[in-house]
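# Breakdown of the fold
Each chain, letter by letter, is given below.
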Amino acid sequence: MAEPRCTVCRHHDRPEIDRQLAGGASNLGTAEKFGMSKDSVRRHRERHLSAALKAVATRRETQGAVKASDRAEELYSKAQRILEAAEEAGQGQLALGAIKELRATVELLAKLSGELDERPQVNVLNVQSSPEWLAIQGRMLEALAPFPDARVAVAGALEDMGEVEA
Ligand SMILES: [Zn+2]
């Protein structure tokens, strides 16, 4: 049995409180919302919040990180499609050189994803400011130099992700 004196454990909204705490709600905010003291909430979070709920919160962070690499991969295939179109339009030589460069970005992406899988606690902010990610951006824009339209499109997509200038 949990300590019966914990006001949070005895609170009739405990399932909701636990859910919010696991989702990253602050001790103070939760305390005010449910009319308890901040110390009670902190003690409850430290001692009584179930391992299962903590795991849910950790999984959410992991999903955020995986999403970042998914988006980078999406971006890559988008750039690749544009290059393929350039190739079909008869700019084969230029497109080939550019695709070669883009291939290197795949290796960086693979490295990035691998690192994320090994370190699931890495968050999106860290990914976007990581040297690997900045290198990917640089190489993509460099590779697209012969294709101004494609370059603008990719730079726009990168900007949507919150970084880089065209
Ligand atoms: Zn408790």
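Refer to the preceding data block for the structure.
Residues numbered from 1 in each chain as written. Predicted model: local features only at pLDDT ≥ 70, side-chain atom pairs only at ≥ 80, totals over all residues. Heavy atoms only, no water.

Right, let's get into the packing of helix 2 (residues 14-22) against helix 4 (residues 38-47). To characterise two packed helices, one gives the angle between the axes of the helices and the distance between these axes. Contact pair helix 2 / helix 4: the axes reach a minimum separation of 11 Å and the direction vectors enclose 75°. Comparing their axes, helix 4 and helix 2 come out roughly perpendicular. Of helix 4, the residues touching helix 2 (which contributes Arg-14, Asp-18 and Leu-21) are Val-41, His-44 and Arg-45. A breakdown of the residues in the contact of helix 2 with helix 4 according to their chemical character gives two nonpolar, one polar and three charged. (Axes fitted to C-alpha atoms, helices over the stretch in contact; angles between N-to-C directions. Helix = DSSP H or I, 4+ residues; strand = E, 2+ residues; numbered from the N terminus. Parallel < 35°, antiparallel > 145°, perpendicular 65-115°, else oblique. Contact = heavy atoms within 4.5 Å. Nonpolar A, V, L, I, M, F, W, Y, C, P; charged D, E, K, R; others polar.)

Surrounding the zinc ion are the protein donor atoms Cys-6 (SG), Cys-9 (SG), His-44 (ND1) and His-48 (ND1), at 2.0 to 2.3 Å. Relative to the metal, the four donor atoms surrounding the zinc ion lie at angles of 103 to 114°, and the coordination shape comes out tetrahedral. Sequence positions of the residues that donate to the zinc ion give the spacing C-x2-C-x34-H-x3-H. Of this pair, Cys-9 sits in helix 1 (residues 7-10) while His-48 sits in the loop between helix 4 and helix 5 (51-88), and the two are 39 residues apart along the sequence. Of the two residues examined, Cys-9 and His-48, each falls in the buried class. (Donors = N, O, S within 2.8 Å, 3.2 Å for Na, K, Ca; no water. Tetrahedral: all angles 85-135°; square planar, octahedral: opposite > 155°, others 65-115°. Buried < 20%, exposed > 50% of the residue type's maximum accessible area, 1.4 Å probe, protein only.)

The biggest cluster of nonpolar side chains holds twelve residues, and these are Tyr-76, Leu-83, Ala-86, Trp-133, Ile-136, Met-140, Leu-141, Leu-144, Phe-147, Ala-150, Val-154 and Ala-155. Taken together, the elements giving at least two residues each to this core come down to helix 5, helix 8 (131-143) and helix 9 (148-160). With four residues, the top contributor of residues to this core is helix 8. Each of two domains, domain 2 (63-113) and domain 3 (127-161), supplies a minimum of three residues to this core. (Core = buried A, V, L, I, M, F, W, Y, C linked by side-chain atoms within 4.5 Å. Domains from an automatic or database assignment.)

Residues spaced three or four apart along an α-helix face the same direction, because each turn holds 3.6 residues. Taken residue by residue, helix 4 has Ser-40, Val-41 and His-44 as its buried positions. Looking straight down helix 4, one finds that the buried residues subtend no more than 95° of arc, so they occupy a single side. Facing away from the buried surface of helix 4 by more than 90 degrees, the exposed residues are Glu-46 and Arg-47. (Arc of directions from axis to C-beta.)

Once that is clear, we can look at the side chain of Ser-40. Tracing the sequence through the fold places Ser-40 in helix 4. Classification of Ser-40 by relative accessible area gives buried; the value is 11%. Among the polar contacts listed, one links the side chain of Ser-40 to the side chain of Thr-7, at a separation of 3.5 Å. Residues within four places of Ser-40 in sequence aside, it is in contact with Thr-7 and Val-8. (Polar contact = N/O pair within 3.5 Å; in protein donor to acceptor, adjacent residues only side chain to side chain.)

Glancing now at the pattern of salt bridges. Applying the stated criterion across every chain yields a total of four salt bridges. The partner of Glu-16 in a salt bridge is Arg-19, with the nearest N and O atoms 3.1 Å apart. Highlighted residues: Glu-16 and Arg-19, both in helix 2, separated by three residues, approximately one helical turn. Its salt-bridge partner being Asp-39, residue Arg-42 comes within 3.5 Å of it at the nearest N-O pair. Highlighted residues: Arg-42 and Asp-39, both in helix 4, separated by three residues, approximately one helical turn. Salt bridges linked by common partners bring Asp-39, Arg-42 and Glu-46 together as one network. (Salt bridge = Lys/Arg side-chain N within 4 Å of Asp/Glu carboxyl O.)

In contact at an axis separation of 8 Å, helix 3 (residues 27-34) and helix 4 are set at 120° when each is read in the N-to-C sense. On the basis of their axis angle, the class for helix 3 and helix 4 is oblique. You can see that helix 3 and helix 4 cross each other, and the crossing is right-handed. Between helix 3 and helix 4, the residues in contact are Asn-27, Leu-28, Thr-30 and Ala-31 and Lys-38, Val-41, Arg-42 and Arg-45, respectively. Along the lines of polarity and charge, the residues of the contact of helix 3 with helix 4 split into three nonpolar, two polar and three charged. (Left-handed = near helix turned anticlockwise from the far one by under 90°.)

So far we have only geometry, and geometry alone does not tell us how the molecule works.
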